[in-house]
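# Reading the structure
Now for the letters of each chain:
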Amino acid sequence: MNVPKQSIIVIGAGLGGLSAAISLATLGHRVEIHEKNEKVGGKLNLLQRQGYSFDMGPSIFTLPHYFRRLWDNAGKKMEDYVQLQAVTPHWRNFFEDGKVIDLYMDPEKMKAEVRKVGGERLVKQVFDFLSYAAKQYDLIANGYFEKGLDTVSDFNAGYSLAELLRMDYWHSMHGGVAKRIKNRYFIDIFDYFIKYVGSSAYHSPGFMNLMPIIQFRYDLWYVRGGMYNLARGLERLAKDLGVELHVRSEVKTLQQSGKKVLGVVLADNTIRQADIVVSNMEVIPAYRDLLKEPHAFLKKLDKFEPACSGLVLHLGTDRPYPQLGHHNFFYSRDQKHHFHTVFVNKEIPPDPTLYVVAPSRTDPAVCPAGCDNIKILPHIPHLNPEHPTADADYQALRDRVLEKMERMGLKDLRKHIVVEDMWTPYDIQRNYYSNAGSIYGVVSDRWKNFALKAPKRSPKYANLYFTGGSVNPGGGMPMVILCGQNVAKAVQADLERLRPA
């Protein structure tokens, strides 16, 4: 059905905003993006210093078919804009007792890794777990992801009773793992797939065990030339489709009248009117800062608590550390305590599990020859204005993290650092206006929000929509890309519904 073409403003050029803009432009709408920073990409950012090139935000590329849709729907070829290469092994996992376990998509290689720590009995447990995880993935992907479901009511309408009963919300994510696997190494490994959404395996529902399938079925990828080339490719696609892109163009206020928004007011007091506004700024900051909503309205959003933040260290070293894979995890001695400290006590963990990226394993150009490029990310609590964390506490964590990595095999790491950059949650909040410095949007918690995020349609303003990690389906590059596509579908469906007969 034909619908009138609309003028649409997208606030923010993060991946969710770019995806929404591209999808809406593909449908023929007039789209402009206003981004406060000097370049597109949001948290997918880039730091270049002294011959080292650091991908500052997302480092793992998964579920490429969700990205490919943007080009397919526009009649373009993704390969003309972005090239991918597979990463193997997927992850290298380091434990304090010296055990090292790699994850592979290839079943035979994966079985060989499992046998190293548990024999054939553990092989059966791990592959039975992956079979369970695949069933959870298919249930969630075919409904929640593809249909763009937003609420419990949507779930009840979008799934049959039989499908709902097969969905594992009876266990926590950890419970779903521990029920099937009786090996501490693989319990820690599969629990930490929750890193993709910055939550706790002890609080997320069991169906979040779908996450290993995004690698074990669809592989794990790197964007050739650096992850930021994805942002560049999306920017080029948007411009090819006629999207007007304005950087260094901060939206300060959303104009409103009754149950509609009228447009935006920029930092230089320019007013830009629009039929529809899509906010890639997170839901709570947008309502609080752009719309000045009252406390009573914001209180209703409390269940959408921010996911965790992180301390982000970018290190350039003057020697390589060949024991690292492209993606690595250095596990806490007590990961349950790590989760409890971050998500219950809201404190910096004394011994965090570390995500460590060494992209020169796949792309030698990211650092000078004979050197290494290393990013380290421990999860830590989001900001709490009532109990602010001191810079000294973040510095102390930095020191513990580097001591841990030296203890676990990276000899004299601190002596070989020649370039260093550190971001705290304050930097993340300041640069991206993320809610309380969160990296991943909204926490997935089966008691607070059943792992649901805020809806893509504003419940208060008929022509205001949201995209990105704070709305369904949540954080992570493929999810925010899918979110932007689902927002465009929602806009189009609403226009068709409102079109006069």
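Let me sum up the structure you'll find in this document. (Residues numbered from 1 in each chain as written. Predicted model: local features only at pLDDT ≥ 70, side-chain atom pairs only at ≥ 80, totals over all residues. Heavy atoms only, no water.)

Judged by nonpolar contacts, the single largest core of 154 residues is most densely connected at Trp91, Phe145, Phe186, Phe190, Phe193, Leu230 and Tyr287. When near neighbours in sequence (up to four residues on either side) are disregarded, Phe145 contacts Tyr66, Tyr137, Ile140, Leu210, Pro473, Met479, Leu482 and Asn486. (Core = buried A, V, L, I, M, F, W, Y, C linked by side-chain atoms within 4.5 Å. Buried < 20%, exposed > 50% of the residue type's maximum accessible area, 1.4 Å probe, protein only. Contact = heavy atoms within 4.5 Å.)

Spatially, the five strands line up as an open sheet ordered E9-E2-E1-E13-E20, and their pairing is parallel. Whereas interior strands pair on both sides, the edge strands pair on one side only; in this sheet they are strand E9 (244–246) and strand E20 (464–466). Geometrically, the sheet is characterised by an average inter-axis angle of 20° between neighbouring strands, direction not taken into account. As judged from the four bridges shared by strand E1 (residues 7–11) and strand E13 (residues 276–279), these two strands associate in the parallel manner. Each residue of the ladder has a partner; that of Ile8, found in E13, is Ile276. Strand contacts of helix H10 (residues 283–290): E1, E13 and E20, with the helix running at about 140° to E20, the strand carrying the most contacts. (Pairing = 2+ DSSP bridges. Helix = DSSP H or I, 4+ residues; strand = E, 2+ residues; numbered from the N terminus. Axes fitted to C-alpha atoms, helices over the stretch in contact; angles between N-to-C directions.)

So, on to empty space enclosed by the protein. Tallied over the full model, the rule gives four cavities of 30 Å³ or more. Its boundaries defined by the atoms lining it, the second largest cavity holds a volume of some 90 Å³. The wall of the second largest cavity is formed by Phe54, Asp55, Ser59, Tyr222, Met227, His326, Val357, Pro359, Asn373 and Lys375. Looking at the lining of the second largest cavity, the elements with two or more residues in it are strand E4 (52–55) and strand E18 (372–380). Residues belonging to the lining of the second largest cavity are distributed by class as follows: five nonpolar, three polar and two charged. (1 Å grid on protein atoms, 1.4 Å probe; cavity = no way out; pocket = protein on both sides within 12 Å on 5 of 7 lines; lining within 4 Å. Points joined across faces, edges and corners; volume = space filled by probe spheres on them. Nonpolar A, V, L, I, M, F, W, Y, C, P; charged D, E, K, R; others polar.)

Tallying each qualifying case throughout the model produces 34 salt bridges. Residue Arg69 pairs with Glu146 through a salt bridge whose shortest N-O separation is 2.6 Å. Of this pair, Arg69 sits in helix H2 (residues 64–73) while Glu146 sits in the loop between helix H3 (107–145) and helix H4 (152–158), placing them 77 residues apart in sequence. In this structure, Glu305 and Lys448 form a salt bridge, with 2.2 Å as the shortest nitrogen-oxygen distance. You can see Glu305 sitting in the loop between helix H11 (295–299) and strand E14 (309–310) and its partner Lys448 sitting in the loop between helix H14 (425–432) and E20, a full 143 residues away along the chain. What makes Lys448 partly exposed here is its relative accessible area of 36%. (Salt bridge = Lys/Arg side-chain N within 4 Å of Asp/Glu carboxyl O.)

With that settled, consider a nonpolar patch on the surface. Where nonpolar side chains cluster on the molecular surface, the patch consists of Leu161, Leu165 and Trp170 and spans about 380 Å² of accessible area. Considering the arrangement of structural elements, one finds Leu165 in helix H5 (residues 161–166). (Patch = residues over 30% accessible without salt bridge, like charges linked within 9 Å, V, L, I, M, F, W, Y side chains within 5 Å. Areas by Shrake-Rupley, 256 points an atom, 1.4 Å probe, with all protein chains shown as cover.)

Space inside the largest pocket adds up to approximately 460 Å³. If you go around the largest pocket, you meet 17 residues; those closest to its centre are His382, Leu383, Asn384, Pro385 and Glu386. Only helix H13 (391–407) and H14 provide two or more residues apiece to the lining of the largest pocket. Its residues assigned to classes, the lining of the largest pocket comprises eight nonpolar, five polar and four charged.

Once that is clear, we can look at H3. The terminal C-alpha atoms of H3 lie 27 Å apart, and with 39 residues this falls more than 12% below the ideal 57 Å at 1.5 Å per residue. Roughly 125° is the biggest bend found in H3, and it falls at Gly118. The N-terminus of H3 is capped by Asp106, whose side-chain oxygen sits 2.9 Å from the backbone nitrogen of Glu108. (Expected span 1.5 Å × (residues − 1). Bend = angle between axes of the 7 residues up to and from the residue. Polar contact = N/O pair within 3.5 Å; in protein donor to acceptor, adjacent residues only side chain to side chain.)

Taken N-terminus to C-terminus, the directions of helix H1 (residues 15–26) and helix H15 (residues 477–498) make an angle of 35°; their axes are 7 Å apart at the nearest point. Of the two elements, H1 crosses H15, and the hand of that crossing is right-handed. Contacts from Leu15, Gly16, Ser19, Ala20, Ser23 and Leu24 of H1 reach H15 at Met477, Val480, Ile481, Gly484, Gln485, Ala488 and Val491. For the contact of H1 with H15, the class distribution of residues is eight nonpolar, five polar and no charged. (Left-handed = near helix turned anticlockwise from the far one by under 90°.)

Overall, antiparallel pairing links the three strands, which are arranged E10-E11-E12 in an open sheet. Two strands bound the open sheet, and with one partner strand each, they are strand E10 (251–257) and strand E12 (271–273). Looking at each pair of strands side by side, their axes are set apart by 30° on average, direction ignored. Sheet topology note: the strand E11 (residues 260–266)/E12 ladder contains three bridges and is antiparallel.

It is worth spelling out unusual backbone geometry at this point. For the bond running from Thr88 to Pro89, omega is -5°, close enough to zero to count as cis. The residue Pro89 is located in the loop between strand E5 (84–86) and strand E6 (91–94) in this model. For the bond running from Asn472 to Pro473, omega is 10°, close enough to zero to count as cis. Located in the positive-phi region is Lys346, a residue other than glycine, with phi close to 60°. Mapping Lys346 onto the fold places it in the loop between helix H12 (335–343) and strand E17 (354–357). Residues other than glycine seldom take positive phi values, yet Phe450 does so here, at roughly 55°. Here Phe450 lies in the loop between H14 and E20.

Here we come to the side chain of His34. Topologically, His34 is positioned in strand E2 (residues 30–34). For His34, a relative accessible area of 3% puts it in the buried group. A polar atom in the side chain of His34 sits 2.6 Å from the side chain of Glu32. Apart from the residues within four sequence positions on either side, His34 is in contact with Ile9, Val10, Ile11, Gly12, His246, Ser249, Val251, Leu266 and Arg272.

Applying the stated rule across the entire model yields 34 aromatic pairs. Taking 5.4 Å as the distance between ring centres and 40° as the angle between the ring planes, the aromatic pair formed by Phe155 and Tyr159 counts as tilted. Here the two residues Phe155 and Tyr159 agree in accessibility, since each one is buried. Both rings, one in Tyr394 and one in Tyr426, keep their centres 6.1 Å apart while their planes meet at 80°; by these two values the pair is edge-to-face. Of the two residues, Tyr394 is situated in helix H13 and Tyr426 in helix H14; the sequence distance between them amounts to 32 residues. Seen from the ring of Tyr196, Lys195 lies directly overhead, with NZ or CZ sitting 5.0 Å from the centre. A cation over an aromatic ring shows up here: Arg319 above the ring of Tyr321, its NZ or CZ 4.0 Å from the ring centre. (Phe/Tyr/Trp six-rings, centres within 6.5 Å; stacked < 30°, edge-to-face > 60°. Lys NZ or Arg CZ within 6 Å of the ring centre and 35° of its normal.)

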